[in-house]
Amino acid sequence: MTRIRQRRDRHFIDDQSRLYWINGPEHHCYLSEQRQWRSGLTFEELLEWKQCAPSGLVSQRFPSLQAACEAFEHHQVQWSLDLYLRRMGDEMALQRGVDDYKPTALQDEEQRTGCLRRQPWLGAEPSRPPRCELSARPASCRPATPELPHQLRRRRSSALNPPVR
């Protein structure tokens, strides 16, 4: 028997960490399996940042949300592949999979409140770009050794002599 571990509105996660969504009107709904592409997000972050999209697997219709959940838990779901939903899920995954993705609702909230939110998959704070310590030192602190020429560097003197034909 598969158990629903967490549920929020029409989304739920089973005991094997697979995500599902109950689609359609309450009196004629069906289950849709959802793909996740970011690891380490909580269930709430996954839904808030819309880091899931339909895989294309859909169930038969159910007369209520409760009936859909009960059928899922008792292995009474018959799965089929919906190619249109699969293509739509692929397009959503491409759009939402970029590092700087923010759902429209969060963008609107940021504009309204002025409080910027960082994507949870980018870490807690922005990392500083790498910096070469030798070039950051003032000239007086750098080693006094003359710079060695790079082995693959072209010499300008060859530009003065025209090529032999």
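Overview of the structure. Predicted model, so just to flag it, every value in this text is computed and none were measured.

## A closer look at the pattern of salt bridges
Okay, so step 1: For the structure on display, the rule yields eight salt bridges.
Okay, so step 2: Here Arg35 and Asp90 are joined by a salt bridge, their closest N and O atoms 2.9 Å apart. Placement of the pair is Arg35 in strand S4 (residues 30–36) and Asp90 in helix H3 (residues 83–96), with a sequence separation of 55 residues.
Okay, so step 3: Judged by relative accessible area, which is 25%, Arg35 ranks as partly exposed.
Okay, so step 4: Between Arg117 and Glu48 there is a salt bridge whose closest N-O contact spans 2.9 Å. On the criterion of sequence distance, the pair formed by Arg117 in the loop between helix H4 (104–113) and helix H5 (133–136) and Glu48 in helix H1 (residues 43–48) is long-range, its members being 69 residues apart.
Okay, so step 5: The class for Arg117 is partly exposed, based on a relative accessible area of 25%.
Okay, so step 6: It is possible to trace a salt-bridge network through shared partners that takes in Arg35, Arg86 and Asp90.

## Some thoughts on the sheet that holds S4
Okay, so step 1: Spatial strand order, S1-S2-S3-S4-S5-S6: six strands in an open sheet with antiparallel pairing. Strands with a single pairing partner mark the edges of an open sheet, and in this sheet they are strand S1 (4–8) and strand S6 (80–81).
Okay, so step 2: In the sheet, strand S2 (residues 11–14) pairs with strand S3 (residues 19–23) via three bridges, with the strands oriented antiparallel. Across the sheet, Phe12 pairs through a bridge with Tyr20, a residue of S3.
Okay, so step 3: Sheet strands touched by helix H2 (residues 65–73): S1, S2, S3 and S4. Its angle to S1, the strand with the most contacts, is close to 160°.
Okay, so step 4: Seen against the sheet, H3 touches S4, strand S5 (52–58) and S6 and runs at an angle of roughly 165° to S5.

## Side note on the layout of surface pockets
Okay, so step 1: Roughly 300 Å³ of volume is contained in the largest pocket.
Okay, so step 2: Along the walls of the largest pocket sit 15 residues, with His11, Trp21, Lys50, Cys52 and Arg96 positioned nearest its centre.
Okay, so step 3: Contributions of two or more residues to the lining of the largest pocket are made by S3, S5 and H3.
Okay, so step 4: By residue number, the principal contributor to the lining of the largest pocket is H3, which donates four residues.
Okay, so step 5: When the residues that make up the lining of the largest pocket are grouped by side-chain class, the tally is seven nonpolar, three polar and five charged.

About the criteria used
- Residues numbered from 1 in each chain as written.
- Predicted model: local features only at pLDDT ≥ 70, side-chain atom pairs only at ≥ 80, totals over all residues.
- Heavy atoms only, no water.
- Salt bridge = Lys/Arg side-chain N within 4 Å of Asp/Glu carboxyl O.
- Helix = DSSP H or I, 4+ residues; strand = E, 2+ residues; numbered from the N terminus.
- Buried < 20%, exposed > 50% of the residue type's maximum accessible area, 1.4 Å probe, protein only.
- Pairing = 2+ DSSP bridges.
- Contact = heavy atoms within 4.5 Å.
- Axes fitted to C-alpha atoms, helices over the stretch in contact; angles between N-to-C directions.
- 1 Å grid on protein atoms, 1.4 Å probe; cavity = no way out; pocket = protein on both sides within 12 Å on 5 of 7 lines; lining within 4 Å.
- Points joined across faces, edges and corners; volume = space filled by probe spheres on them.
- Nonpolar A, V, L, I, M, F, W, Y, C, P; charged D, E, K, R; others polar.

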